[in-house]
Amino acid sequence: MNNLMAGHKRFRNGYWRRYQKRFATLAREGQAPEAMVIACSDSRVSPEVIFDCAPGEIFVVRNVSNLVPPYAPDTGNHGTSAALEFAVTVLKVKTLVVLGHSLCGGIRTLMSGPASNHGDFIESWMAIAQTARKRVCDSPEQGEDFDSLCYRCENESIRVSLSNLMTFPWIASRVKTGELTLAGLHFDVQTGKLETI
Ligand SMILES: [Zn+2]
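Sequence order as written defines residue numbering, which begins from 1 separately in each chain. Totals for whole chains, interfaces and linings use every residue, but because this is a predicted model, local features are given only for residues with pLDDT of at least 70 and side-chain atom pairs only at 80 or more, for both listing and counting.

1. Let's talk about helix α2 (residues 15-29)
Its 15 residues place the ends of α2 20 Å apart at the C-alpha level, agreeing with the 21 Å of an ideal helix rising 1.5 Å per residue. A residue's bend is given by the angle between axes fitted to the 7 residues ending at it and the 7 residues starting at it. Secondary structure elements are taken from DSSP: a helix is a run of H or I of four residues or more, a strand is a run of E of two residues or more, and numbering for both begins at the N terminus. Lys21 marks where α2 bends most, by close to 50°. Burial in this document is a count-based property: other C-beta atoms within 10 Å of a residue's C-beta are tallied, and the residue is buried at 20 or more, exposed at 12 or fewer, or partly exposed in between, with C-beta positions derived from the backbone. Little of α2 sits out of view: just zero of its 15 residues are buried. The positive-phi residue at the C-terminal boundary of α2 is Gly30, with phi of around 90°. Here, expected helix span is obtained from the residue count minus one, scaled by 1.5 Å.

Right under this line is the structure:
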């Protein structure tokens with residue numbers, strides 16, 4: 001906790017001072033981000049840092065392994081879908097980015113297969129990317145190790161999330177008219193580079 005408070009002190013002296021006017025405008029006029037990013041909760045892949053964003057620039061939702069579930073308007077607690085709905089129908093963002101990354105713990109759990117020690121929620125959440133796992137396992141590459149399998153699954157799961165985005169009617173309709181663009185990116189934690197999926 002001390003580290004966090006020390007960091008906030010640095011924020012007040014640095015970032016806050018630099019963007020104080022911008023924060024004041026955003027407080028007065030509200031936010032109008034042009035893009036939404038769906039990213040992993042992993043501490044190494046903060047979208048605001050990776051894209052070097054100013055305050056108000058991107059709308060972000062983070063969850064385990066940057067997954068988008070399929071459209072399912074029922075009484076479940078759909079946190080990611082609610083964030084998407086707000087960004088697309090209220091804020092009217094122009095771009096949706098699914099940001100995957102290397103060394104993703106959720107993907108490694110998924111690729112490890114069913115186990116009894118994956119807690120109460122992680123296994124059923126990761127089932128969203130089961131199609132990605134199947135695609136990777138069904139097309140093995142010669143001499144492939146576990147890390148390479150996981151890397152391929154990270155990319156396949158981004159494709160699954162992009163497909164799932166299109167199951168939301170208010171996303172699909174805007175993509176068709178050109179009001180909204182979807183993109184998949186993979187961030188390499190070791191090199192800091194981005195790859196388009
Ligand atoms: Zn991750």
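2. Some words on the nonpolar core
Of all hydrophobic cores here, the largest spans 39 residues; its most connected members are Met36, Val37, Ala39, Leu99, Ala129 and Cys153. Secondary structure elements with two or more residues in this core: β1 (35-40), β2 (58-63), α4 (79-90), β3 (95-101), α5 (105-112), α7 (130-138), α8 (146-165) and β4 (181-187). At six residues, the largest contribution of residues to this core is made by α8. The nonpolar core criterion groups buried Ala, Val, Leu, Ile, Met, Phe, Trp, Tyr and Cys residues into a set whenever they are joined through C-beta atoms within 7 Å.

3. Considering the domain arrangement of the protein chain
Source of the domain bounds: an automatic or database domain assignment. Partitioning the protein chain into domains gives domain 1 (1-29) and domain 2 (31-196). Distance between the C-alpha centres of domain 1 and domain 2: 28 Å. Here contacts are defined at the residue level, using C-beta atoms placed from the backbone and a cut-off of 7 Å between them. Facing four residues of domain 1, the contacting portion of domain 2 comprises four residues.

4. Things to note about the environment of Gly113
Secondary-structure assignment places Gly113 in the loop between α5 and α6 (122-126). Exposure remark for Gly113: the 8 C-beta atoms within 10 Å place this residue in the exposed category. For Gly113 and Arg133, which are 20 residues apart along the polypeptide, the C-alpha to C-alpha distance reads 9.2 Å.

5. Here we look at the packing of α7 against α8
To obtain each axis, a line is fitted to C-alpha atoms, and for helices this fit is confined to the stretch in contact; angles are then taken between N-to-C directions over 0 to 180 degrees. Where α7 meets α8, the axes come as close as 8 Å, and the angle between the chain directions of the two elements is 135°. Taken as axis vectors, α7 and α8 run oblique relative to one another. For the pair α7 and α8, the crossing hand works out as right-handed. Across the interface between the two elements, Thr131, Ala132, Arg133, Arg135 and Val136 of α7 pack against Leu149, Arg152, Cys153, Glu156, Ser157 and Val160 of α8. Three categories are distinguished: nonpolar for Ala, Val, Leu, Ile, Met, Phe, Trp, Tyr, Cys and Pro, charged for Asp, Glu, Lys and Arg, and polar for the others, with Gly belonging to the last. For the contact of α7 with α8, the class distribution of residues is five nonpolar, two polar and four charged. Roughly parallel means an angle under 35 degrees; roughly antiparallel, over 145; roughly perpendicular, 65 to 115; everything else is oblique. Less than a right angle of anticlockwise turn of the near helix away from the far helix marks a crossing as left-handed, whereas a clockwise turn marks it as right-handed.

6. Some details on the sheet that holds β2
When DSSP locates at least two bridges between a pair of strands, those strands are taken to pair. One open sheet holds the five strands; their spatial order is β2-β1-β3-β4-β5, and the pairing between them is mixed. This sheet does not close on itself; its edge strands, each paired only once, are β2 and β5 (194-196). Strand-to-strand twist of the sheet, defined as the mean angle between neighbouring strand axes without regard to direction, takes the value 25°. Direction of pairing for β1 relative to β3: parallel, over a ladder of five bridges.

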